[in-house]
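Now for the letters of each chain:
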Amino acid sequence: MLKTITYSIPLAGLPGDFLPFRIVHLSDLHGRIFGKNNGILIDSVRSLSPDLIVMTGDMAEPGRGKSDKDGRQAFLKLCRSLVSLCPVYYSLGNHESEMPSDHLTSWLKKVRRTGVLALDNQRADFIHDGVVFPIFGLTTPLLYYKDPLRKPYDRHASWTIRDMEKVFGTVPQSGTGSFGPSILLAHNPLYFPAYRDWGADLTLAGHIHGGIIRLPFWGGVLSPDLTLFPKYDGGHFSESPQGLPDSQRKHMIVSRGLSNTFLKRVLNPMEIVCAVISPMG
């Protein structure tokens, strides 16, 4: 039930002789363990020869029970193995955000001690083939998840470009100086219009679990906020920012995730994503 899917993503602002690189994208592990010491997962990631690994939230559960604690310890061991392969970046999802603030602070310290760059509304720069890729890790407040089964939530909340600017300011222009395309790690794909209009060239997201049940020709059936047939259920999406031509299209890859948290997945295998970044032809 563990599938690997690869997307080729051509991005503007890269020199023609730029050497493509591979981003392995993990999301929504929820403390699950694949084989002894996550050996199955680690071997699958290694086989993709990543230059960069990103994890877009809900990798661990906030509970105090034994299974959640064991899942968190297993995740820290996984982090130590992954950083031996290449740089690893981690942003938070709603499940990490449900930790009490002091527990979350302690959790981020533990993750960072493994060598993983944990970005909590922060930016870090990744350099490949002489090009600087600004990477932003977004943590949205829980109310923006609109989950009626958890609190706080607000069905009318909307994350906007102004919210992005309040958190991160402006995005360095791709192609100026040594800056290349920007990469946004954002657990919730619902707000892709805000991400793309703000200027994120590539957004990597999760949260929707592929829509739990996938129907041929229809896609994912249900999102965690109980929306039927969510638009951004899983896969590769490409849209132009408002008022800009198709040549300025932005991309988002939504991982279908690595676990179940409620309901049973149907026709919807857990997946590891690989994005191959290259210059536009």
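Conventions and cut-offs
Residues numbered from 1 in each chain as written. Predicted model: local features only at pLDDT ≥ 70, side-chain atom pairs only at ≥ 80, totals over all residues. Heavy atoms only, no water. Patch = residues over 30% accessible without salt bridge, like charges linked within 9 Å, V, L, I, M, F, W, Y side chains within 5 Å. Areas by Shrake-Rupley, 256 points an atom, 1.4 Å probe, with all protein chains shown as cover. Salt bridge = Lys/Arg side-chain N within 4 Å of Asp/Glu carboxyl O. Helix = DSSP H or I, 4+ residues; strand = E, 2+ residues; numbered from the N terminus. Pairing = 2+ DSSP bridges. Axes fitted to C-alpha atoms, helices over the stretch in contact; angles between N-to-C directions. Contact = heavy atoms within 4.5 Å. Buried < 20%, exposed > 50% of the residue type's maximum accessible area, 1.4 Å probe, protein only. Right-handed = clockwise from strand over helix to strand, strands pointing away. Parallel < 35°, antiparallel > 145°, perpendicular 65-115°, else oblique. Left-handed = near helix turned anticlockwise from the far one by under 90°. Nonpolar A, V, L, I, M, F, W, Y, C, P; charged D, E, K, R; others polar.

What about a nonpolar patch on the surface?
(1) Moving on: A cluster of nonpolar side chains, namely Ile213, Leu215, Phe217, Trp218, Leu228, Phe229, Val266 and Leu267, defines an oily patch on the protein surface of about 910 Å² accessible area.
(2) Moving on: Within the element layout of this structure, leucine 267 appears in the loop between strand 13 (250-254) and strand 14 (270-279).

A short note on the sheet that holds strand 1 (residues 2-11)
(1) Moving on: In space, the six strands of this open sheet follow the order 1-14-2-3-4-5, with mixed pairing throughout. The strands lining the two open edges of the sheet, one partner per strand, are strand 1 and strand 5 (117-119). Each strand axis lies, on average, 20 degrees off the axis of its neighbour in the sheet, ignoring direction.
(2) Moving on: Looking at chain direction, strand 3 (residues 52-56) and strand 4 (residues 88-91) are connected through four bridges and run parallel. If you follow isoleucine 53 over to strand 4, its bridge partner there is valine 88.
(3) Moving on: The sheet strands contacting helix 2 (residues 66-82) are strand 2 (21-26), strand 3 and strand 4, and the helix crosses strand 3 at an angle near 160 degrees.

Focus on the pattern of salt bridges
(1) Moving on: In the structure shown here, the tally under the stated rule is 10 salt bridges.
(2) Moving on: A salt bridge links glutamate 239 to arginine 196; the shortest N-O distance between them is 2.5 Å. Here arginine 196 lies in helix 6 (residues 192-198) and glutamate 239 lies in strand 12 (residues 235-239), a separation of 43 residues in the sequence.
(3) Moving on: By relative accessible area, glutamate 239 is classed as buried at 13%.

What about the pairing of strand 9 (residues 202-205)?
(1) Moving on: Neither face of strand 9 is exposed, since Leu202 and Leu204 on one face and Thr203 and Ala205 on the opposite face are all buried.
(2) Moving on: The pairing of strand 8 (residues 183-186) with strand 9 spans three bridges and is parallel. Looking across to strand 9, one finds that leucine 185 is bridged to leucine 204.
(3) Moving on: You can see the chain leave strand 8, run along helix 6 and come back into strand 9, and the turn it takes is right-handed.

Points about the packing of helix 2 against helix 4 (residues 101-113)
(1) Moving on: At their nearest, the axes of helix 2 and helix 4 sit 9 Å apart, and the two run at 30 degrees to each other. Between helix 2 and helix 4, the crossing angle belongs to the class labelled roughly parallel. By crossing handedness, the relation of helix 2 to helix 4 is classed as right-handed. Residues Arg72, Phe75 and Leu76 of helix 2 lie in contact with helix 4, whose contacting residues are Trp107, Lys110 and Val111.
(2) Moving on: Residues of the contact of helix 2 with helix 4, tallied by class, amount to four nonpolar, no polar and two charged.

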